[in-house]
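# Survey of secondary and tertiary structure
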Amino acid sequence: MQGTVQGLTQRAADFRVPNSPDETQAVTLSGNVHSQARPEFDRGIVNAEARLDRMLLLLKASPAQQSELDALVEAQQNPASPLYHCWLTPAEYGARFGVSAQDVSRVTAWLGGNGFTVIEIPAGNRLVLFSGTAGQVFDTFHTEIHRYRVEGTSHIANSLDPQIPKALAGVVSGVVSLSDFRRTSEIKVRTALGAQQATATRGMAGLRGGLGAGPLYSAGSTHYLFPADFAAIYNLNPLYSAGTLGSGSSIAIAGRSNINLSDVAAFRSLSGLVAKTPTVILAGADPGLAASDQDESTLDVEWAGAVAPAAAVSLVAAASTSTTDGVDLAAQYIVNHRTAPVVSMSYGSCEQDMGAAELAFYNSLWEQAASEGMSVFVASGDAGAAGCSVGSAARGTQTAVNGLCSSPYSTCVGGTKFNEGSSPAQYWSSANAAGYGSALGYIPEETWNESGVNGGSGLWASGGGASVVYAQPAWQAAVTGGGAASGMRGVPDVALSSASHDGYMVYENGSHWILSGTSAAAPAFAGVMALVVERTGGLGQGSANAELYSLVNADRNPFHATQSGNNSVPGVAGFWANGAAYNLATGLGSVDGAALAGIWDSGSGAPPTLNLTAASNVVSVTAGGSATMSFSAITRGSFAGDIRLSMGGLRPGLTAVWSANPITPTSSVSTNAVTLTVMASPQAAQGNYSFMVTAAGDSLVSTQSVTVQVQKLRACFGLLRPLRLPCGAPVPVRLPIPKMERLREDQ
């Protein structure tokens, strides 16, 4: 990932925890009891010895650190800033914006002193993973863990808000979760592909595991989305034809089930995709093939790779524990290891059900991801405007949105439904082409709503509405239609097909299935973003939102604004799409992939920018020798013409030569690598010498100050000189060889 940020030293003011926190002075961490942990559902306290493993203690930055971080993330997306796209590593983030090592040590000592086992301190220095028992939680955080029975399902959860020593309040936000109320997979339905499908072309791999048995038609009353259909509808084929397949990019999937790699291989083979095996990373114990989550992991991995066929896809899977959701554990692993520049998550919890620490955890995590150059895509949900309900519920309870995607630092992906009208043959071929593709091109879309108020059942519809937690960012408020959120953050940001009307084909456990929901839209959009990343030289783009919203005004707007429909569901009135640039049901709408990749990072009339960055601003060279420095000349916006490089202020005895000069960028948005070889004459004086290097083009100038450290070659005398050995080398010593006397035969 591009660039680095200098000056990652912690300040003394960041040491905020006394050596021995006074346990008798406590503060309550309000807003951290789950909404369903209510007295009428209470079934009593759990055993004090009950294990509570891999809990997440969330730490927080100082006000000064947080202000500096917010400013950095904004500057990283500003083409005019010298920090533009200068991403942090997780370690750099931890050094600059995490809790100091001294404070972390004192927090972990406090946990250890209360009997907990500290498992890990992730690189960002904002989390502590620890394990213990329900009794230790009560003794330390002063809250009991109770059993609850809600709608026929047993759960455990803390009954009161936790407490911590007052001395830790400036550093500790709270425990992310002390309950097993799980995040919801955003899959609408899992349907077996009908055995009644027509016979496939002879010799073509069939959908029932052999040759011959499979669908010939995906037109008429039933349509299934294969990768070839998706590419035709969302205009990815021009990118594929130009060789943009996601090579050099990667996608990380957050999940809580493992998968069968053989399923992915079969899916790709049937779909006509090149063979490419995903990587499975276990963030802790192997969750195995979890019955309720294998569908999600399989769908996400197969379709992220279907849209970006050459991208490296990694499933980060974590098993849930009695108090911590595996999705949370997988997400923190991805960010703290910077696993990939593109991230997809298809789970949700409504803001009102999430505790204050849970909300802070995801907002902090996604902002860290943004600072590291990672673009995060999260499904908006499948219960329409009733985000606190599940899609299968008969009636919604309240207007709400997914708290895992309402953070301004993540991109929330909603759902659309194809609207062919009375002429589906206008959009679908009567026969499949290679890879079972039959879509002819873009199909008009409406808001996905297959709920009980729209001729369907349950609450199945695109999640969307206004956050009750986050204020509306400027980049969203500036778009027509953004005012519907009344000054709060609106979600979703974008949308893709999610309806069972045209479900996504997946291959799992040796059979073909049709899945739908925003669970499919999120990894699919992550795949589109991986194509963008390849087009920008494999460089991470950070939070995609500011750029996405700016493209509404581009000369070629890449979005298909949703023309009609709403996400109202039984019991909860939702929001309408009417063709405006933005709405609270489908966001900016779906996307033309080729158009998006073609204008990404340029916008409409965006001013040209030029930034010269150095891999390192210091180089050492020995008198009489040479050394090489690496630079990147980065252009954005409407930049045109060559880049000319120059130097100024070189001391006598030093010379330097560019590997190429001038540089001709391949496009207005480009990253151009170049090296500078610095040579010091044998007579060059020892010392540190600074000079300026400059890149100029399109009436723009960018400079970097670099320092050359000249070291003199030490003169050698005595034995070393005639032997021509370097100074400091050991002198070879001739050892006497003892004479060997011939042994007498009688010895």
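Bear in mind that the values here come from a model prediction, so they are computed numbers and not experimental data.

Cut-offs used in this document
Residues numbered from 1 in each chain as written. Predicted model: local features only at pLDDT ≥ 70, side-chain atom pairs only at ≥ 80, totals over all residues. Heavy atoms only, no water. Pairing = 2+ DSSP bridges. Helix = DSSP H or I, 4+ residues; strand = E, 2+ residues; numbered from the N terminus. Axes fitted to C-alpha atoms, helices over the stretch in contact; angles between N-to-C directions. Parallel < 35°, antiparallel > 145°, perpendicular 65-115°, else oblique. Left-handed = near helix turned anticlockwise from the far one by under 90°. Contact = heavy atoms within 4.5 Å. Nonpolar A, V, L, I, M, F, W, Y, C, P; charged D, E, K, R; others polar. Phe/Tyr/Trp six-rings, centres within 6.5 Å; stacked < 30°, edge-to-face > 60°. Buried < 20%, exposed > 50% of the residue type's maximum accessible area, 1.4 Å probe, protein only. Disulfide = S-S within 2.5 Å. Salt bridge = Lys/Arg side-chain N within 4 Å of Asp/Glu carboxyl O. Core = buried A, V, L, I, M, F, W, Y, C linked by side-chain atoms within 4.5 Å. pLDDT = per-residue confidence, 0-100.

## Section: the sheet that holds strand 34 (residues 687-697)
Spatially, 29-35-34-31 is the arrangement adopted by the four strands of the open sheet, whose pairing is mixed. The open sheet has two free edges, formed respectively by strand 29 (618-622) and strand 31 (644-648), since each of these has just one partner strand. The mean angle between the axes of side-by-side strands here comes to 30°, regardless of whether they run parallel or antiparallel. In this sheet, strand 35 (residues 700-711) lies alongside strand 29 in parallel orientation, the contact comprising five bridges. The partner of valine 618 across the bridge, within strand 35, is threonine 707.

## So, the packing of helix 1 (residues 63-76) against helix 10 (residues 356-371)
Close contact between helix 1 and helix 10 brings their axes to 9 Å; oriented N to C, the two are set at 45°. In terms of their interaxial angle, helix 1 and helix 10 are classed as oblique. The crossing of helix 1 and helix 10 is left-handed. When helix 1 is examined against helix 10, the residues Gln66, Leu69, Asp70, Val73 and Gln76 are found in contact with a partner set consisting of Glu367, Ala370 and Ser371. By residue class, the composition of the contact of helix 1 with helix 10 is three nonpolar, three polar and two charged.

## Focus on the packing of aromatic side chains
A full pass over the atoms with the stated rule returns 17 aromatic pairs. Relative to phenylalanine 141, the ring of phenylalanine 116 lies with its centre 6.1 Å away and its plane at 50°, an arrangement referred to as tilted. Within this pair, whereas phenylalanine 116 is found in the loop between helix 3 (101-113) and strand 4 (117-120), its partner phenylalanine 141 is found in helix 4 (residues 134-141), the two being separated by 25 residues in sequence. The burial state of phenylalanine 116 is the same as that of phenylalanine 141; both residues are buried.

## A few points about the environment of alanine 61
In this fold, alanine 61 is placed in the loop between strand 3 (51-59) and helix 1. We classify alanine 61 as buried; its relative accessible area is 12%. Separated by 111 residues in sequence, alanine 61 and valine 172 have C-alpha atoms that sit 9.1 Å apart. Every residue in contact with alanine 61, bar those within four places of it in the chain, is listed here: Arg16, Gln66, Phe97 and Arg126.

## Overview of the state of the cysteines
Applying the stated criterion to the full structure yields two disulfides. Between the sulfur atoms of cysteine 350 and its disulfide mate cysteine 388 the distance is 2.0 Å. When the S-S torsion is 90°, as for the bridge of cysteine 350 with cysteine 388, the disulfide is right-handed. On the criterion of sequence distance, the pair formed by cysteine 350 in the loop between strand 17 (347-348) and helix 10 and cysteine 388 in the loop between strand 18 (375-379) and strand 19 (411-418) is long-range, its members being 38 residues apart. Judged by relative accessible area, cysteine 350 falls into the buried class, the value being 2%. The buried category is assigned to cysteine 388, whose relative accessible area is 19%.

## Topic: the pattern of salt bridges
As enumerated under the stated definition, the model contains nine salt bridges in all. Taking the shortest distance from any N to any O, the salt bridge between aspartate 325 and arginine 256 comes out at 2.8 Å. Taken as a pair, aspartate 325 in the loop between strand 15 (312-317) and helix 9 (326-336) and arginine 256 in the loop between strand 13 (250-255) and helix 7 (261-270) lie far apart in primary sequence, 69 residues in all. Of the two residues, aspartate 325 and arginine 256, neither departs from the other in class, the shared state being buried. Across the salt bridge formed by aspartate 493 and arginine 489, the nearest N and O atoms sit 2.6 Å from each other. Within the structure, one salt-bridge network assembled from shared partners comprises Arg183, Asp328 and Glu358.

## Some remarks on the nonpolar core
In summary, soluble globular proteins display a tendency toward joint burial of nonpolar side chains. Core analysis: the biggest nonpolar cluster contains 81 residues, and Phe230, Leu236, Ile251, Trp303 and Leu588 have the highest contact counts within it. Counting residues per element, this core draws most heavily on helix 12 (residues 518-535), which supplies twelve residues. Beyond its immediate chain neighbours, meaning those up to four positions away, isoleucine 251 contacts Ala304, Ala308, Ala311, Ala312, Val313, Ser314, Ala340, Val342, Ala526, Gly527 and Ala530. Among the nonpolar cores identified, the runner-up in size contains 46 residues, and Ala330, Tyr333, Val335 and Leu404 belong to it.

## As for the confidence of the model for the chain
For the chain, per-residue confidence averages 89 on the pLDDT scale, and residues scoring 70 or more make up 88% of the total. Here residues 195-220 is a poorly scored stretch, pLDDT under 50, and it has 60 contacts once near neighbours within four places are set aside; other chains count. Between residues 717-731, whose pLDDT stays under 50, and residues either more than four places distant or in other chains, the model counts 16 contacts.

## Side note on the side chain of asparagine 258
Looking at the element boundaries, asparagine 258 is found in the loop between strand 13 and helix 7. If near-sequence neighbours (up to four positions away) are discounted, asparagine 258 is found in contact with Val280, Leu282, Asp286, Pro287, Gly288, Leu289, Gln294, Ser297, Leu315 and Ala317.

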